[in-house]
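Observations on the model geometry
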Amino acid sequence: MRIPSFDLKRQYQNLKMEINQILQEVMERGQFILGENVTSLESEVSTYCGTKYAIGVASGTDALLLSLRALDIGPGDEVITTPFTFFATTEVISNLGAKPVFVDIEPDTFDMNVEEVEQLITKNTKVILPVHIFGQMCDMDKLMEIREGYNVYIVEDACQAIGAVYNGKKAGSLGNTGCFSFFPTKNLGAFGDGGMIVTNDEKIKEKVLMLRNHGSKKKYYHEELGYNSRLDEIQAAILRVKLKYLDSYIKRRQEIASLYSDLLSDVPYVKTPKIKEGRTHTFHQYVIRAEKRDELQKYLSDNGIGSTIYYPLPLHLQKVYKDLGYKLGDLPEAEKASEEVLALPMWPELKDEEVREVVEVIKSFYGKN
Ligand SMILES: Cc1ncc(COP(=O)(O)O)c(C=O)c1O
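Residues numbered from 1 in each chain as written. Predicted model: local features only at pLDDT ≥ 70, side-chain atom pairs only at ≥ 80, totals over all residues.

**Re the site of the ligand**
We count it as follows: Using a C-beta atom placed from the backbone, a residue is scored as near a molecule or strand whenever that atom is within 6 Å of it. In this text, helices come from DSSP runs of H or I with a minimum length of four residues, and strands from runs of E with a minimum of two, each type numbered from the N-terminal end. Amino acids outside the nonpolar list (Ala, Val, Leu, Ile, Met, Phe, Trp, Tyr, Cys, Pro) and the charged list (Asp, Glu, Lys, Arg) are all regarded as polar, and Gly is one of them.
With respect to spatial proximity, 15 residues lie near the ligand, and among them Ser59, Gly60, Thr61, Cys159 and Ser181 are the closest. Taken together, the elements giving at least two residues each to the shell around the ligand come down to α3 (60-70) and α4 (88-95). In the shell around the ligand, the residues fall into 5 nonpolar, 8 polar and 2 charged.

Following this line, the structure appears as structure tokens:
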């Protein structure tokens, strides 16, 4: 692809000296598990997010899993979430023997429709799990109001939304826990897997610290079943370098998004992303709705331009969830979005002329069709 969906090589070229140096320091120190970079990154991320604590874990998936374990979620419990997300969000719920209960999405932001949450609450509902999809936060005021009224927890899946802001508060800081992924293509990406949980609750922090390390507080003494889910020292060192640039990366993503939206404003076959009042969008993905989406994607690809469909099949219709009993038509907005969405190339090092070229190809497609 001439213009891929994302490209990590340009960023490395820009950071090469700093990253190579810090990697060399880690290797020379010889401490690879739970070293000083993990501790420092935890404190830097908690400061960045405005939370009391941050705990590094092995992935975004584990951040969700350990959050739910820390809240004692298990068989018989229900977790209300969105079907329009990466599978990991609900995989962890199901792996704990709990049940995902799906709420439809808002058509303009693709986030969960918070107005439909309350009617799904039962005596078994323990958690509401909003996903700040593509980098824009859900309506947290409404969810926090529900949390008060029903005595449920909120776990924020902020895996795509580090740095996003909702009424002055950072993603991850409003839930009982907030979960981040450092998957390489994320806005803050490692050179492998990584994740983090942020929380203001000391009990949760203590429990997660224990769970990530085989259920152990004191070496070789185990209080409960845990996991090997520690954030790697090498990844933490890389992430500390990149965290310094995160806000500038987000700013550049926002500039690219504005340029796309301006250039596409006269294309009636395409709907560009909406940003709601009081929120920022970190544009982990720039997702349009497009007429003749599949043909457009092929045309882009034939012209050397990458694009991705997030997500082609909503989770309530996945084979793995056959037994939950959902059918086509149950969550129409999520189903419609799956047929229309297309993520265009988006990464901070993308050049303006490349954005213009992507839009030219889109315009030429609709000119022909
Ligand atoms: C919304 C969402 N939740 C969870 C995850 C899981 O994160 P990870 O890949 O780090 O396990 C991802 C990303 O991959 C994600 O996009």
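**Quick look at the environment of Ile105**
What counts here: Neighbour counting defines burial: a residue surrounded by 20 or more other C-beta atoms within 10 Å of its own C-beta is buried, one with 12 or fewer is exposed, and intermediate counts give partly exposed, using backbone-placed C-beta atoms.
With respect to the helices and strands, Ile105 occurs in the loop between β3 (99-102) and β4 (125-129). Judged by local crowding, Ile105 falls into the buried class, with 27 C-beta atoms found within 10 Å. Distance in space between the C-alpha atoms of Ile105 and Lys123 is 23 Å, their sequence separation being 18 residues.

**Thoughts on the nonpolar core**
Let me state the cut-off plainly: One nonpolar core equals one set of buried Ala, Val, Leu, Ile, Met, Phe, Trp, Tyr and Cys residues connected by C-beta atoms within 7 Å. Any pair of residues counts as being in contact when their C-beta atoms, constructed from backbone geometry, are within 7 Å of one another.
Counting 97 residues, the largest nonpolar core has Leu68, Val127, Met196 and Ile197 as its most contacted members. Beyond its immediate stretch of four places on either side in the chain, Ile197 contacts Ile55, Val57, Ala63, Leu66, Ser67, Thr177, Cys179 and Val208.

**Quick word on the domain arrangement of the protein**
Often, the extent of an interface is quoted as the loss of accessible area upon association of its parts. Going by this rule: Bear in mind that the domain bounds are from an automatic or database domain assignment.
Each assigned domain of the protein is listed with its residue range as follows: domain 1 (9-243) and domain 2 (246-368). In this structure, domain 1 and domain 2 have C-alpha centres spaced 24 Å apart. In this complex, domain 1 contributes 31 residues to the contact, which on the side of domain 2 involves 27 residues. Going through the elements one at a time, α1 (9-29), β6 (165-166) and α7 (233-243) are the ones with two or more residues in the side of domain 1 that touches domain 2.

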